[in-house]
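One-letter residues, chain by chain:
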Amino acid sequence: MSASQCSIHYLGSVDYREAWQFQKDISEDVSQGLRSNVLLLLEHPNVYTMGRTADRQQVLLNDHGLADLSIALIEVDRGGKVTYHGPGQLVAYPIVTLRGVGGPLRYVRALERVILMTLAHFGIDAQIVDGLTGVWVDGEKIAAIGVKVSRGISSHGLAINVNTDLSYFDHIIPCGIEGRGVTSMQK
């Protein structure tokens, strides 16, 4: 199978843990050459995720507060810190071989450029901020990126706030960045 081919699957709303297992299974197949690259597009029910460099203090709710909101907190194997996923947010999980791409940092920068082009298509003037991963509009984050690369295969990916309930971000320090807001395409 050609590594340059990519099948695209829109899955609708999928529980985070279920989507994470899909990624693991697909990553193994891509790594073994059993299938071409895959792009999963979906939404998640409300969930907070903590990447490998996250600190529990970046979640501003205790276990009771999480229960009151009926929201799970899941530690995951992607890079990055704490983020929120929920309805109205487009999540993209490219499970692709990075051989020949130039490494994980170059891949993340390519994801940022794809987000910029996508937002420009909708008339949104977005920017990249030096030293901060993701995409920004007027100093507020509109898209987050957190990836894992294992054996040359990417998983996890990006989330664009389309018409997301941004109040869920009030209960975390998004991506570990204080003093900057979060926005959406709708806003």
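Residues numbered from 1 in each chain as written. Predicted model: local features only at pLDDT ≥ 70, side-chain atom pairs only at ≥ 80, totals over all residues. Heavy atoms only, no water.

Visitor: What is the right way to read the overall build of the protein chain from this model?
Guide: Regarding its fold elements, the protein chain presents three helices and nine strands. Counted from the first residue to the last, the protein chain has its helices and strands arranged as β-α-β-β-α-β-β-β-α-β-β-β. Overall size of the protein chain, expressed as C-alpha extent along the three principal axes, is 45 × 35 × 30 Å. Taken over 187 residues, the protein chain has a buried fraction of 47%. About 9,300 Å² of surface is accessible on the protein chain, with carbon and sulfur atoms providing 52% of the total. Of the charged side chains in the protein chain, 16 are positive and 19 negative, and the gap between their average positions amounts to 9 Å. (Helix = DSSP H or I, 4+ residues; strand = E, 2+ residues; numbered from the N terminus. Buried < 20%, exposed > 50% of the residue type's maximum accessible area, 1.4 Å probe, protein only. Areas by Shrake-Rupley, 256 points an atom, 1.4 Å probe, with all protein chains shown as cover. Lys, Arg positive; Asp, Glu negative; His and termini not counted. Charge placed at Lys NZ, Arg CZ, Asp CG, Glu CD.)

Visitor: What is the right way to look at the sheet that holds strand β3 (residues 47–50) in this model?
Guide: Strand pairing in a sheet takes place through backbone hydrogen bonds and is either antiparallel or parallel in direction. In spatial order, the strands read β4-β3-β5; together these three strands make up an open sheet with mixed pairing. The open sheet terminates on both sides in strands that have one partner only, identified here as β4 (72–75) and β5 (82–85). Ignoring strand direction, the axes of neighbouring strands in this sheet form an average angle of 25°. Relative to β5, β3 runs antiparallel, the two sharing four bridges. (Pairing = 2+ DSSP bridges. Axes fitted to C-alpha atoms, helices over the stretch in contact; angles between N-to-C directions.)

Visitor: Is there a simple way to explain the packing of aromatic side chains in this structure?
Guide: Here a ring pair, both rings aromatic, is described through the centre-centre distance and the interplanar angle of the planes. For the structure shown, the criterion picks out four aromatic pairs. On the basis of an interplanar angle of 55° and a centroid distance of 6.3 Å, the ring pair of Tyr16 and Trp20 is categorised as tilted. With a gap of four residues between them, Tyr16 and Trp20 both fall in helix α1 (residues 16–31), about one helical turn apart. Of the two residues, Tyr16 and Trp20, both sit in the buried class. Where Tyr84 meets Phe169, the ring centres are 5.3 Å apart and the plane angle is 80°; that geometry is what we call edge-to-face. Of this pair, Tyr84 sits in strand β5 while Phe169 sits in the segment after β9 (153–161), and the two are 85 residues apart along the sequence. Residue Tyr84 shares its accessibility class with Phe169, and that shared class is buried. Here the aromatic cluster, defined as three or more aromatic residues joined through ring pairs, consists of Tyr48, Tyr84, Tyr168 and Phe169. Positioned above the aromatic ring of Trp20, the side-chain terminus of Lys24 is 4.2 Å from the ring centre. Across the ring face of Trp136, the terminal group of Arg180 is positioned such that the distance to the ring centre comes to 5.0 Å. (Phe/Tyr/Trp six-rings, centres within 6.5 Å; stacked < 30°, edge-to-face > 60°. Lys NZ or Arg CZ within 6 Å of the ring centre and 35° of its normal.)

Visitor: Just checking my understanding: could you explain the layout of surface pockets for this structure?
Guide: Any empty space left between the atoms is revealed when a probe the size of a water molecule rolls over them. Within this model, the largest pocket holds a volume of roughly 500 Å³. Lining of the largest pocket is provided by 31 residues; of these, Gly79, Gly80, Ile145, Gly146 and Val147 occupy positions nearest its centre. Breaking the lining of the largest pocket down by element, the ones donating at least two residues are β5, β6 (89–95), α3 (104–121), β8 (140–150) and β9. Among the elements that line the lining of the largest pocket, the one with the most residues is β8, at seven residues. (1 Å grid on protein atoms, 1.4 Å probe; cavity = no way out; pocket = protein on both sides within 12 Å on 5 of 7 lines; lining within 4 Å. Points joined across faces, edges and corners; volume = space filled by probe spheres on them.)

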